[in-house]
Structures are given as C-alpha cells and as structure tokens.
Amino acid sequence: MRAPDRTDLRMLRLLQENGRLTNAELAQRVNLSPATCHRRMQRLLREGLITGVRALVAPRAVGRGALVLVGVVLDRSTPESFATFERAVVSLGFVLDCHLVAGDFDYVLKIRVGDMADFNRLHGEQLIALPGVRQTRTFFVMKEVIDAAPLDF
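If you're wondering where the values come from, they're calculated on a predicted model, not measured in any experiment.

**Here's the deal with unusual backbone geometry**
Phi at Asn31 is positive, roughly 60 degrees, even though this residue is not glycine. Note that Asn31 resides in the loop between helix H2 (23-29) and helix H3 (34-46). Even without glycine at this site, Ala148 takes up a positive phi of about 60 degrees.

Okay, here's the thing in structure tokens:
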C-alpha cells in the first residue's frame, strides 16, 4: 500500500463530510475525470483507507436513544482470557464498540439501548455472563457533545 497523496486525502475529507457524493461530484471537486476518480476510489477501498460506507441512523428514531459506556474488568489479564472475551462480545448485537484499554478497565464498551430498564436486562442476562468478567462499571451518557466526528487530517 502506498501512502495517500494530496488528492487521495482531499477525496477522503470530502467523503467524510458527505458520503453521498456521486463519483461525478467527487471528481469535479478534486479536479479529476470521473474515470480516474472511480479508479482511485476502488484503490482506496481495496487498500483499506476506506473501511466501509454506511448511513448514520438517528438512535432515537429506532428506539435506541440511551447511550451507555461500560468499563469491564476481567478476572485474568492473559492473552487467552482476552481472546475468549473478545470472541464472545463480538456476538452481542447491542455492543457498538469494544476497545481494549489501558487504565482502570480492560475493555470499554459502547452500547445503545432504549432506556435504563433495557440496559438493566442486558447487563443482568448477557454482559456479566461474558467469559472472564469480574466487574463492570456503567456510565449513562447524559449528553452527547461529539459523536462519530470525522477524522482530522
């Protein structure tokens, strides 16, 4: 994979701002022919500089207005216990993000639910039942100041 050039970076910035740009619109904004722009887009996808394209859905519109962050501490800090936990957490559809972190927790999970009762049920039935979980600490988000901001490059 070669390093992105100025045109690639401009294309990436424009697509972060508006992923619905047509190839023709994008080509015009970066001063390329549509064919050249299309080939560059295919390369950016193939090389993994663009990892996916999707719509951002309003959580409240689909009954997932409550955002919860959960710190997870495992009972052991071994590669095997981490791998076992990660395999299990990937199967939980309500977990939006899972990050291995340094500090007071082993993992931080980002979860969207309808309300506190929904979370309480998921926590009691599924989260604390994940393999190796010793402790969780829950943070209900009161206000989302920044969420899914574009990368600054």
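**A closer look at the packing of helix H1 (residues 6-17) against H3**
H3 packs onto H1 with a crossing angle of 80 degrees between their chain directions and a minimal axis gap of 11 Å. Put simply, H1 runs roughly perpendicular to H3. Here Thr7, Asp8, Met11, Leu12 and Leu15 of H1 come into contact with H3, specifically with Cys37, Arg40, Met41, Arg43 and Leu44. Grouping the amino acids of the contact of H1 with H3 by side-chain chemistry returns six nonpolar, one polar and three charged.

**So, the nonpolar core**
One finds Val70, Val72, Phe85, Leu109, Ile111, Leu127 and Leu130 to be the most contacted residues of the largest nonpolar core, which totals 21 residues. Going through the elements one at a time, strand S1 (66-74), helix H4 (79-90), strand S3 (107-113) and helix H5 (116-127) are the ones with two or more residues in this core. No other element matches S1, which puts five residues into this core. Sequence-distant contacts of Val72, that is, excluding residues within four places in its chain, are made with Phe85, Phe105, Asp106, Tyr107, Leu109, Val133, Gln135 and Thr136. Grouped together as the second largest cluster of nonpolar side chains are 12 residues, Leu12, Ala27, Val30 and Leu44 included.

How each quantity is defined
Residues numbered from 1 in each chain as written. Predicted model: local features only at pLDDT ≥ 70, side-chain atom pairs only at ≥ 80, totals over all residues. Heavy atoms only, no water. Helix = DSSP H or I, 4+ residues; strand = E, 2+ residues; numbered from the N terminus. Axes fitted to C-alpha atoms, helices over the stretch in contact; angles between N-to-C directions. Parallel < 35°, antiparallel > 145°, perpendicular 65-115°, else oblique. Contact = heavy atoms within 4.5 Å. Nonpolar A, V, L, I, M, F, W, Y, C, P; charged D, E, K, R; others polar. Core = buried A, V, L, I, M, F, W, Y, C linked by side-chain atoms within 4.5 Å. Buried < 20%, exposed > 50% of the residue type's maximum accessible area, 1.4 Å probe, protein only.

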